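# Coordinates in review
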Amino acid sequence: MKTRHELTEILDFIAEYATYLLGSGVHTSRAIRNSQRIGQSLGVDVQLSSFQRSTILTVRDDESGEAITRVVRIPSLPISFERNSDLSALSWDALDDHLPLAEIRRRYDELTAKPLIDPIFVLLTVGLANASFCRLFGGDWTAMAIVFTSTLVGYAAKQRMQAHGVNHFLIFIISAFMASLCASVALRFDCTAETALATSVLYLVPGVPLINGVIDIVEGHILIGCSRLINALLLIICIAIGLAATLLMVKDSLL
Amino acid sequence: METFWNTIAAYNAATWPAQLVLTAIGVLLTTLLVKRPSRGVRIAMKLYMAALNFWIAGVYFLVYCEPRQYHSPQALFWAIMGCIWLYDLAVKHASLERTGHHTTFARVLFAMPFLYPLCSLALGRTFPEITSPVMPCSVAVFTIGVMLAFSERINIVLAMFLCHWALIGLSKVYFFGIPEDYLMACSIVPALYLFFREYIQAHEGKATKPSVRVLNSLLVILCLIIGGFFLFTLLHQLDLFAEI
């Protein structure tokens, strides 16, 4: 049987663990499964209900039947599939090896303290990825080079604005506008300018919220699934506004 | 092509006194930054850089390049760079103190705006149909020089803007046959390498992923690819000359 203090400690850890997962791009049912697995390893039942910005978490001691509930805010974290995978593996280790809470906490701190990918590396690889998109959509080498540098401009601006805490909808509009404005230079040259313009903003497409939204709805978490899809849709509208501003300026029309 | 040189001729013919004044202020401020750097000089330099960018946006692109297609996006491009300098001044991002790094390379870059008209004259053009020190590519090269010689913390957004402009310069060489733009393309590749290398070195003590060595290697590969593009354009240009 657990004391109230022990139960609170377990709840606090699982709340931190679950919100970390939800904040860094994990779909809801995976976060629930992992949290319940850790709860099982510690001898408690975990029930979790998640919304876009917060999570309600209840931990119940199997022996005494005592339960504690907490509402926790979901932090905004950079998406990291490697970290998500590490944290999932931690939940399996906790269950298989019957790890005590102190050991799980130590490993969790170790995993979350791992360095994130260098922003400059991300900047360059995003540029290369977007140039590759341009090629996939039929762009020629000149268009690819223009999309590469345009993405560098847009993404560097996005990184700076994120560091300064600018509203993320505004960030998407400005980044899309800057990248497409730079890509519009392709119109002056004999190259696949339309492809360059269209693909210059693809790096902004919110793929993770879109995929997670669909998975959440399919798995029965309708509310958070819809919230995620609406959020993704708003971001796509922001991209469209940025791109439309450039098109209206350089072509006097949207088509 | 003809429109391109006509707009340049109109711009030079109408604004050469203003260009002389702007160039003199640039030389004065750069000398002061080297010899007697003070807070006032640093602020004046940032204001000058912003004004120079707004000049290119407003006077060069909006007024004199009006006959060219798609001149307004380019004007906006330079206006954004002007705004970045003002933002830099407001948030005190780059100190504009002498770094003591790459002094020789920075000096070469400072000389570039004066090389532009000489290059044009060497290619057989005559005033006013020549590239001048207060034109987009000359200003871009000068900006890279200022950033290399005086900025400990590089404004990465500005560096990316200049990188994009250099690519346009390279495309102009390839498509329109304007060899003066080689100067810009020549300077941006090593400058970009130095910008990023300094950034990577500044983070050397910190735990990063991938490691500093991998980042450096990636940087070298990227610069080699850009250099390859440059070489290809050069060979294409030589081929053009041979055809002429």
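Residues numbered from 1 in each chain as written. Chains lettered and ligands numbered in written order. Predicted model: local features only at pLDDT ≥ 70, side-chain atom pairs only at ≥ 80, totals over all residues.

## Structural notes on the overall build of chain A
Note the cut-off: Put simply, DSSP marks the helices as runs of H or I at least four residues long and the strands as runs of E at least two long, and each gets a number from the N terminus on. Exposure classification rests on a simple neighbour count of other C-beta atoms within 10 Å of a residue's own: a residue reaching 20 or more is buried, one at 12 or fewer is exposed, and one in between is partly exposed. C-beta atoms are placed from the backbone. Note on contacts: each residue gets a C-beta atom placed from the backbone, and two residues are in contact if those atoms are within 7 Å.
Across its full length, chain A holds ten helices and three strands. Walking chain A from its N terminus toward its C terminus, one meets helices and strands in the order α-α-β-β-β-α-α-α-α-α-α-α-α. If you line up chain A on its principal axes, its C-alpha atoms span 75 × 30 × 30 Å. Residues classed as buried in chain A amount to 44% of the 255 residues present. Of all intrachain contacts in chain A linking residues separated by at least 6 positions in sequence, the fraction that spans at least 24 positions is 65%.

## Topic: the nonpolar core
Test applied: For our purposes the nonpolar core covers buried Ala, Val, Leu, Ile, Met, Phe, Trp, Tyr and Cys residues that link as a set through C-beta atoms within 7 Å.
If you look at the biggest cluster of nonpolar residues, it comprises 108 residues, and the most contacted ones within it are A176 of chain A together with L162 of chain B. Of all the elements, helix α6 (residues 156-176) of chain B adds the most residues to this core, at 14 residues. Those residues in contact with L162 of chain B that lie beyond four places of it in its chain are A140, T143, I144 and I188 of chain B. Membership of the second largest hydrophobic core comes to 26 residues, among which are L11, I14, Y20 and A31 of chain A.

## Digging into unusual backbone geometry
Of the consecutive residues F127 of chain B and P128 of chain B, the connecting peptide bond is found in the cis state with omega at 10°. At H98 of chain A, a position not held by glycine, the phi torsion is positive, near 50°.

## A look at the pairing of strand β3 (residues 67-73) of chain A
All names here are of chain A. To keep things clear, this is the line we draw: Two strands are said to pair when DSSP picks up at least two bridges between them.
Two elements, strand β2 (residues 54-61) and β3, share seven bridges in a ladder whose sense is antiparallel. In the sheet register, S54 faces β3, and the bridge partner there is R73. Taken together, β2 and the strand that follows it, β3, pair antiparallel across an intervening segment of five residues, in which G65 is found at a positive phi of about 80°.

## A word on the sheet that holds β2 of chain A
Residues and elements named next belong to chain A. For clarity, the cut-off: Each axis is a line fitted through C-alpha atoms, taken for helices only over the stretch in contact, and angles between the N-to-C directions span 0 to 180 degrees.
Across the sheet, three strands lie side by side as β1-β2-β3; this open sheet has antiparallel pairing. Whereas interior strands pair on both sides, the edge strands pair on one side only; in this sheet they are β1 (44-50) and β3. Between one strand axis and the next, the sheet turns through 15° on average, direction left out of account. Relative to β2, β1 is paired through seven bridges, and the arrangement is antiparallel. If you follow S50 over to β2, its bridge partner there is T55. Those strands touched by helix α2 (residues 28-41) are β1 and β2, and its axis lies near 160° from that of β1.

## Side note on the packing of helix α9 (residues 207-218) of chain A against helix α10 (residues 222-251) of chain A
All names here are of chain A. Rules: The labels follow the angle: roughly parallel below 35 degrees, roughly antiparallel above 145, roughly perpendicular from 65 to 115, and oblique for the rest. Two helices cross in a left-handed way if the nearer one is turned anticlockwise from the farther one by less than a right angle. They cross in a right-handed way if the turn is clockwise.
The N-to-C vectors of α9 and α10 enclose an angle of 155°; their axes lie 7 Å apart at closest approach. Judged on the interaxial angle alone, α10 and α9 are roughly antiparallel. Considering only the axes of α9 and α10, their crossing is left-handed. Two secondary-structure elements touch here, α9 through P209, L210, N212, G213, D216 and I217 and α10 through I222, I224, G225, C226, R228, L229, N231 and A232.

## A short note on the interface of chain B and chain A
Counted only if it meets this: All amino acids are sorted into three groups, where Ala, Val, Leu, Ile, Met, Phe, Trp, Tyr, Cys and Pro are nonpolar, Asp, Glu, Lys and Arg are charged, and the leftover types, Gly among them, are polar.
In this complex, chain B contributes 26 residues to the contact, which on the side of chain A involves 27 residues. Secondary-structure elements contributing two or more residues to the side of chain B that touches chain A are α3 (71-91), α6, α7 (182-202) and α8 (212-243) of chain B. Take the side of chain B that touches chain A: its biggest share by element is ten residues, from α6 of chain B. Counted by class, the side of chain B that touches chain A contains 20 nonpolar, five polar and one charged residues.

## A short note on the environment of Y64 of chain B
Residues and elements named next belong to chain B. Positionally, Y64 belongs in helix α2 (residues 39-64). Between the alpha carbons of Y64 and A191 there is a distance of 30 Å; along the sequence they are 127 residues apart. If we ignore the near neighbours within four places in the chain, the residues touching Y64 are T7, A10, Y11 and V59.

## Concerning the packing of helix α6 (residues 141-163) of chain A against helix α7 (residues 168-183) of chain A
All names here are of chain A. Look at α6 against α7: their axes get within 8 Å of each other, and the N-to-C directions meet at 155°. One way to sum up the angle between α6 and α7 is to call them roughly antiparallel. By crossing handedness, the relation of α6 to α7 is classed as right-handed. When α6 is examined against α7, the residues I146, V147, T149, S150, T151, V153, G154, A157, K158, M161 and Q162 are found in contact with a partner set consisting of I171, I174, S175, M178, A179, C182 and A183.

## Let's talk about helix α3 (residues 81-97) of chain A
Residue and element names in this part refer to chain A. As a reminder of what qualifies: Expected helix span is computed as 1.5 Å times (number of residues minus one).
Taking 1.5 Å per residue, 17 residues should reach 24 Å; α3 reaches 24 Å between its end C-alpha atoms and fits that length. Those residues of α3 that are buried are in contact with α1 (4-23), α2 and α4 (101-112). Phi for H98, located one or two positions after α3, is positive at around 50°.

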